[in-house]
Amino acid sequence: MPAACGTTTRFSPPTGRTWIRVPSSSPRRTDMARRSPATRRAQSRSIFGVRPEPKPRETAGSYLSRLAFLHGRLIPDMKTETGIDVRQIDLGSEAAIRTMAGMCGMGHGSLARWSPRRDHTGGWLLHGQEMGAGQIERTFFRFCPACIAADIEAGGRTGPYMRAEWTVSALRTCSEHGLVLTTASPEREFFAPYDFARTVLAMVPEMGRLSAEAERPRSSPLEAYLTDRLLSGTKKKSWLDDLSFHAAADLSEVFGAVALHGKKVRVTKLTPVQRVEAGAAGYAVLAEGHAGIRRFLIRLIRETQNGKGVWGPQLAIGRINDFLDARKCDPGYAPAVEYIRGVVVDEVPLEPDVEVLGQPVGTRRVWNLRSLAREVGTTVPLLKKILVRNRYMSAKADFRASRSMVDTDKVRALVATLDDEILTLPGVMERTGLTRRHIEAIVQAGGFVSVTAAGKVYNAQHRFTAKNVDGTMETLLGGEVVDKIPSGMSTLADARHAAICTFSEVLKLVLEGGLSWIGYLQGAEGLDAILVPTAEVTMLTTREKAPGLTRIGVQRRTGLTQKPVQMLFERQIFDLHVVRNPVKRSEEVAASEESVDRFMHEHIALHALAKHHGVHFRRMKAIMEAAGIPPVFDPVEFHATFYPRQLAEGLDLNAIDPEDVVLTRRTRAESLEHQSEIRNAKARLATEVLRDAKGQRSAVPAEPDEEPARRWTRLGRSRRIKGEISRRRVPSRRWTAERVS
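Residues numbered from 1 in each chain as written. Predicted model: local features only at pLDDT ≥ 70, side-chain atom pairs only at ≥ 80, totals over all residues. Heavy atoms only, no water.

J.: Can you tell me about the side chain of Gln135, naming the residues and giving the values?
T.: Counting through the fold element by element, Gln135 comes out in the loop between strand E3 (129-132) and strand E4 (141-143). In terms of polar contacts, Gln135 uses its side chain to reach the backbone amide nitrogen of Ala170, at 2.7 Å. A polar side-chain atom of Gln135 sits 3.3 Å from a polar atom in the side chain of Asp250. In contact with Gln135, other than residues within four places in its own chain, are Thr167, Val168, Ser169, Ala170, His246, Ala249 and Asp250. (Helix = DSSP H or I, 4+ residues; strand = E, 2+ residues; numbered from the N terminus. Polar contact = N/O pair within 3.5 Å; in protein donor to acceptor, adjacent residues only side chain to side chain. Contact = heavy atoms within 4.5 Å.)

Below you can see the structure in the form of structure tokens.
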């Protein structure tokens, strides 16, 4: 073992200890001349002729243990015999370490720097890092068997020493050998540190076995980060750098334990290897900073959205909340407590007086259906319909009312609207005296705004706010009061008929202020009392004639019936485009006049051809078959028979052999089969033809929050609906709807 200065002389006393004898004075004075004044003063007070050499990163307690072992003394005896305050050495007092180092004739800087020191708050400091109150192990110690075996081989029985990183509970593996540190439970006197040297030397015969049995987990990025931060003091520009050393270590383990073992995990029950793995998993989350923490916490919160119980911070994030709630007053955890509290308040619908990590929520940031319904004074089912139809939440959300979250910022305007009195359609009728049709017209004109957005939803019920209803009625009925109808003026109904427009269009002009004068006829009731200028309404609602021919227009021009024209539209024989109906203002399909004229110039129907040649249509059909001229389209599918016009009209009937013309008559079976084919040739919906005309040949999927499309079918008297809704009789003139798959 190398000596502190000069050469050394070794001998083996009966106890088997290794001693260091200080050489003669002349070499010593030569070395002292090269040292600092503080070192020379300390060596001048030296009372130990023999002392061990301090090791890299050795603690003062470890050096005291080796010093006592070297002189054959117990640690408590060192106080009574030499005056070394072993209690203060255990607490890391720099004055006590300086005194011990002076008695040994050496400097105290290294021992003081690598010894855990208790501060005034009850926590510990080690090499400039805050360790908190529980990060330093004091009643027992941990060591690496491989390192101890190497120390014994290099320095004998006084060679093993305690590394400073072994005292940190968060560092569970040896950075050099990768082994999980072995725990030792030494005997300890009151107010004195444990005797490291004697405890380890008693375990020397077992070092080989302990090294072989020690577990070797995967290298942990958390331990690599903590070791580098402790030994070098450098930071890696990570979010963990804002936390104290003990907060970064413990919080990483808790996050990782929750990620690997669930929110109810007890971290203290995990094995050392499991805690190493938990630390690595938690470091992966925390190293990303705010983005990684928020993503991880939101995933935990979403897992509890379909559960039971009171949805609070503890249920939302589990042990993370318990851990931080117990350490909310520790300044080392302040950045983590503040940010995690903000995430919980942003994502969990909590009452304003609920405390999260020591502070009340205050201003609510997120609602659930139950709390929002209680706030606006409505029911949960009605509120859910309002939110779904206004696209504030998905219709597929099947969570409980207490777990369905709504962003406060998004629904703030809706909450202000719902804070008013809510009226149903009968309530509006009673409040205004209007009929149902007039209310529907005002809704279409944009006057009455349905908070349930029930305009195009099948069998949906409107809900209106009293403020909106009263304001709309004041606008409609706020015109100049007159006793009789002035010249040029008319009621809404008369103006509508004169302008050939809808009732809601006239109401929209009144509500938007698009008319120069509005009157109120005294003595009339409801909307019949509103007077408007007829000429202005006609001018503002005049529409140009839509280009092209609708189906009815094609029927009138070609002389065909409804079914053939419908099939010609469906098969897009004409050039189709979309136009707006001048009265209904709805979109419909129209064919260009050029394509219709071209079709009639190229084709002729069977009946028109028979009339042209002056024969019966059945005989004409037989003549065409004898002449070998087939129909252009399938007669069954198109409900009509078309031939090439030029070829059919130019046919010489006298050139056809009468014997080849055979008039056949269908049998009853053939007639029934023909009728069945005609019935099976179903017409397509007008909406599908309209979609094809727009260039959207594939069915457009419904929005996730919209009601599914429905196909309406009118039922006759006394027909029964068979299906899952059981057998029931449907009254006459009723309509039923089938969902379109």
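J.: Please give an account of the sheet that holds strand E12 (residues 480-482) that cites residues and values.
T.: With mixed pairing, the 4 strands of this open sheet are ordered in space as E12-E14-E15-E13. Among the strands making up the open sheet, the edge pair consists of E12 and strand E13 (489-491). Neighbouring strand axes in the sheet, compared pairwise and without regard to direction, differ in orientation by 40° on average. Pairing between strand E14 (residues 519-521) and strand E15 (residues 530-533): 2 bridges, direction antiparallel. Residue pairing for E15: Gly519 is matched across the bridge by Leu531. (Pairing = 2+ DSSP bridges. Axes fitted to C-alpha atoms, helices over the stretch in contact; angles between N-to-C directions.)

J.: Before we move on, can you summarise helix H27 (residues 551-558) with the specific residues and values?
T.: For H27, the complete set of buried residues consists of Gly553, Val554 and Thr558. End-on view of H27: buried residues confined to an arc of 115°, all on one side of the axis. The exposed residues of H27 that point more than 90 degrees off its buried face are Ile552 and Arg556. Taken together, the buried residues of H27 touch helix H28 (562-570), strand E17 (587-591) and helix H29 (593-602). At the C-terminal side of H27, Gly559 shows a positive phi close to 75°. (Buried < 20%, exposed > 50% of the residue type's maximum accessible area, 1.4 Å probe, protein only. Arc of directions from axis to C-beta.)

J.: Which residues make up the packing of aromatic side chains, and what are the values?
T.: Both the distance between ring centres and the angle between the ring planes are used here to describe each pair of aromatic rings. A full pass over the atoms with the stated rule returns 13 aromatic pairs. Aromatic side chains Phe141 and Phe143 sit 6.1 Å apart centroid to centroid with 45° between the ring planes, which places their arrangement in the tilted category. Under the relative-accessibility criterion, Phe143 is labelled buried at 0%. Plain terms: the ring middles of Phe574 and Phe599 are 5.5 Å apart, the flat faces sit at 90° to each other, and that makes the pair edge-to-face. Within this pair, whereas Phe574 is found in the loop between H28 and strand E16 (576-580), its partner Phe599 is found in helix H29, the two being separated by 25 residues in sequence. Of the two residues, Phe574 and Phe599, neither departs from the other in class, the shared state being buried. These aromatic residues form a ring-pair network of at least three members: Phe569, Phe574, Phe599, Phe633, Phe638 and Phe642. The cationic tip of Arg163 hangs over the ring face of Tyr161; the distance from NZ or CZ to the ring centre is 4.0 Å. (Phe/Tyr/Trp six-rings, centres within 6.5 Å; stacked < 30°, edge-to-face > 60°. Lys NZ or Arg CZ within 6 Å of the ring centre and 35° of its normal.)

J.: Summarise empty space enclosed by the protein; cite the residues concerned and give the values.
T.: A full pass over the atoms with the stated rule returns 1 cavity of 30 Å³ or more. Space inside the largest cavity adds up to approximately 210 Å³. Along the wall of the largest cavity there are 18 residues; nearest its centre are Thr59, Gly61, Asp90, Pro116 and Tyr194. Of all elements in the fold, only helix H3 (60-70) and helix H5 (86-90) reach the threshold of two or more residues within the lining of the largest cavity. The element that contributes the greatest number of residues to the lining of the largest cavity is H3, accounting for 4 residues. Tallied by class, residues from the lining of the largest cavity come to 9 nonpolar, 6 polar and 3 charged. (1 Å grid on protein atoms, 1.4 Å probe; cavity = no way out; pocket = protein on both sides within 12 Å on 5 of 7 lines; lining within 4 Å. Points joined across faces, edges and corners; volume = space filled by probe spheres on them. Nonpolar A, V, L, I, M, F, W, Y, C, P; charged D, E, K, R; others polar.)

J.: Outline the pattern of salt bridges, supporting the account with residue identities and numerical values.
T.: Considering all chains together, one arrives at 26 salt bridges under this definition. In this structure, Asp470 and Arg431 form a salt bridge, with 3.0 Å as the shortest nitrogen-oxygen distance. With a gap of 39 residues between them, Asp470 in helix H23 (residues 466-476) and Arg431 in helix H21 (residues 425-432) connect regions that are remote in the sequence. With relative accessibility at 39%, the residue Arg431 sits in the partly exposed group. Arg557 serves as the salt-bridge partner of Glu593, at 3.8 Å between the closest nitrogen and oxygen. Of this pair, Glu593 sits in helix H29 while Arg557 sits in helix H27, and the two are 36 residues apart along the sequence. (Salt bridge = Lys/Arg side-chain N within 4 Å of Asp/Glu carboxyl O.)

J.: Report on the sheet that holds strand E1 (residues 117-118), specifying residues and quantitative values.
T.: Pairing within the open sheet is antiparallel, and its 3 strands lie in the order E1-E2-E3. With one partner strand each, in any of the chains shown, E1 and E3 form the two edges of the open sheet. Pairing geometry for E1 and strand E2 (residues 124-126), over 2 bridges, is antiparallel. Its bridge partner being in E2, Arg117 is matched across the sheet by Leu125.

J.: How would you explain the pairing of E3 if you had to name every residue and give the values?
T.: It is a general feature of regular strands that their side chains alternate between the two faces of the sheet. Direction of pairing for E2 relative to E3: antiparallel, over a ladder of 3 bridges. From the neighbouring strand, Leu125 faces E3, where its bridge partner is Glu130. Following E2, the chain reverses through 2 residues before pairing antiparallel with E3; His127 in that reversal takes a positive phi of roughly 55°.

J.: Which residues make up the packing of helix H22 (residues 436-444) against helix H25 (residues 503-512), and what are the values?
T.: Interaxial distance between H22 and H25 falls to 8 Å at its minimum, and their mutual angle equals 60°. With respect to each other, H22 and H25 are oriented oblique. Two packed elements cross with a definite hand, and for H22 against H25 that hand is right-handed. Each of His438, Ala441, Ile442 and Gln444 in H22 lies in contact with H25, whose residues at this interface are Phe503, Ser504 and Leu507. (Parallel < 35°, antiparallel > 145°, perpendicular 65-115°, else oblique. Left-handed = near helix turned anticlockwise from the far one by under 90°.)

J.: Run through the environment of Gly282, naming residues and quoting values.
T.: With respect to the helices and strands, Gly282 occurs in helix H13 (residues 272-286). What makes Gly282 buried here is its relative accessible area of 0%. Setting aside anything within four residues of it in sequence, one finds Gly282 in contact with Ser252, Phe255 and Gly256.

J.: Lay out the nonpolar core in plain terms, naming residues and giving numbers.
T.: In this structure, Val168, Phe255, Leu297, Ile320, Leu324 and Ile340 are the most contacted members of the largest nonpolar core, which totals 57 residues. Those elements that provide at least two residues to this core are E2, helix H11 (221-232), helix H12 (245-261), H13, helix H14 (290-303), helix H15 (313-317), helix H16 (319-325) and helix H17 (334-347). Looking at this core, the element that brings in the most residues is H12, giving 9 residues. Once you skip the residues sitting within four places of it in the chain, Val168 turns out to touch Leu126, Met131, Gln135, Ile136, Arg142, Leu230 and Phe245. (Core = buried A, V, L, I, M, F, W, Y, C linked by side-chain atoms within 4.5 Å.)

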